[in-house]
Amino acid sequence: DAKTTQPNSMESNEEEPVHLPCNHSTISGTDYIHWYRQLPSQGPEYVIHGLTSNVNNRMASLAIAEDRKSSTLILHRATLRDAAVYYCILLSSNTGKLIFGQGTTLQVKP
Amino acid sequence: NAGVTQTPKFQVLKTGQSMTLQCAQDMNHNSMYWYRQDPGMGLRLIYYSASEGTTDKGEVPNGYNVSRLNKREFSLRLESAAPSQTSVYFCASSIQGFKSNQPQHFGDGTRLSIL
């Protein structure tokens with residue numbers, strides 16, 4: 001299974017945009033890029049996913065590089081409730097299994 | 001709209017005891033999963049059920065058994081608990097198993113301590 005690399009931690013100020021990077025240089029052509037987040041003492045929560053094109057939903061935007069070797073999760077206006085561990089995951093079309101790495105711990109300062 | 005419900009939320013066991021973690025989903029999903037999460041680590045897949053009547057091993061199945069009781073319910077059993085199984089256990093479900101564009105929905109977890 002292809003792996004992802006994320007920074008261990010990031011900080012942001014409240015109401016500012018946040019760009020969370022993810023590298024996945026060994027991604028295959030049929031792997032989807034999924035993002036989940038986990039708030040303290042809760043289960044993971046689906047955020048967004050994409051294949052090749054940029055994606056937007058009510059929670060976030062996903063920007064995918066043209067060569068698909070990296071992607072960026074964008075939170076347009078961070079709130080204190082966005083403080084969580086964010087996981088970038090490649091989902092194989094063959095197995096469909098989510099493989100969670102260490103993720104990025106996002107701190108949001110008031 | 002409950003989603004994925006796990007019981008119990010907390011449990012303390014002694015080494016060698018057995019117990020069953022329960023999971024139920026009300027979203028009419030076909031696939032269900034059990035993960036464990038240890039401190040400072042991401043989630044690891046224990047077992048999954050792609051559809052009712054089927055179960056398969058994940059990344060760390062040793063010491064566990066599962067039962068897909070019906071479409072709604074997927075239980076995880078520890079036959080003889082060991083301290084290494086102290087963890088937070090998450091159940092998840094998805095519409096169709098192993099379709100790469102389908103998100104998984106998670107419960108809030110069962111925090112299990114084995115003394």
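An account of the accompanying structure is given in this report. (Residues numbered from 1 in each chain as written. Chains lettered and ligands numbered in written order. Predicted model: local features only at pLDDT ≥ 70, side-chain atom pairs only at ≥ 80, totals over all residues. Heavy atoms only, no water.)

## Here we look at the overall build of chain A
The helix and strand tally for chain A stands at zero helices and nine strands. Ordered by position from the N terminus, the helices and strands of chain A form the series β-β-β-β-β-β-β-β-β. Taken against the 2.2 N^0.38 rule, which gives 13 Å for 110 residues, the C-alpha radius of gyration of chain A at 13 Å falls within 12% of a compact globule. Buried residues in chain A amount to 45% of all 110 residues. Contacts in chain A between residues far apart in sequence, at least 24 positions, make up 56% of those at least 6 positions apart. Carbon and sulfur atoms provide 46% of the accessible area of chain A, an area that totals close to 5700 Å². For chain A, the separation between the mean place of its 9 positive charges and that of its 10 negative charges on side chains is 5 Å. (Helix = DSSP H or I, 4+ residues; strand = E, 2+ residues; numbered from the N terminus. Rg over C-alpha atoms; globule rule 2.2 N^0.38 Å. Buried < 20%, exposed > 50% of the residue type's maximum accessible area, 1.4 Å probe, protein only. Contact = heavy atoms within 4.5 Å. Areas by Shrake-Rupley, 256 points an atom, 1.4 Å probe, with all protein chains shown as cover. Lys, Arg positive; Asp, Glu negative; His and termini not counted. Charge placed at Lys NZ, Arg CZ, Asp CG, Glu CD.)

## Digging into the nonpolar core
Counting 21 residues, the largest nonpolar core has Leu20, Ile33, Trp35, Leu73, Leu75, Tyr86 and Leu106 of chain A as the members making the most contacts within it. Those elements that provide at least two residues to this core are β2 (18-23), β3 (32-38), β4 (45-50), β6 (61-64), β7 (70-75), β8 (84-91) and β9 (104-109) of chain A. (Core = buried A, V, L, I, M, F, W, Y, C linked by side-chain atoms within 4.5 Å.)

## A word on the state of the cysteines
Scanning the model with the defined rule gives two disulfides over all chains in all. Through a disulfide, cysteine 22 of chain A is tied to cysteine 88 of chain A; the S-S separation comes to 2.1 Å. Classification of the bridge connecting cysteine 22 of chain A and cysteine 88 of chain A rests on its S-S torsion, roughly -80 degrees, and on that basis the disulfide is left-handed. With a gap of 66 residues between them, cysteine 22 of chain A in strand β2 and cysteine 88 of chain A in strand β8 connect regions that are remote in the sequence. Note that cysteine 23 of chain B is cross-linked by a disulfide to cysteine 91 of chain B, the S-S spacing being 1.9 Å. Taking the sign of the S-S torsion, about -75 degrees here, the bridge from cysteine 23 of chain B to cysteine 91 of chain B comes out left-handed. Taken together, the residues cysteine 23 of chain B in strand β3 (residues 19-25) and cysteine 91 of chain B in strand β9 (residues 87-94) connect sequence positions 68 residues apart. In this pair, the class of cysteine 23 of chain B matches that of cysteine 91 of chain B, namely buried. (Disulfide = S-S within 2.5 Å.)

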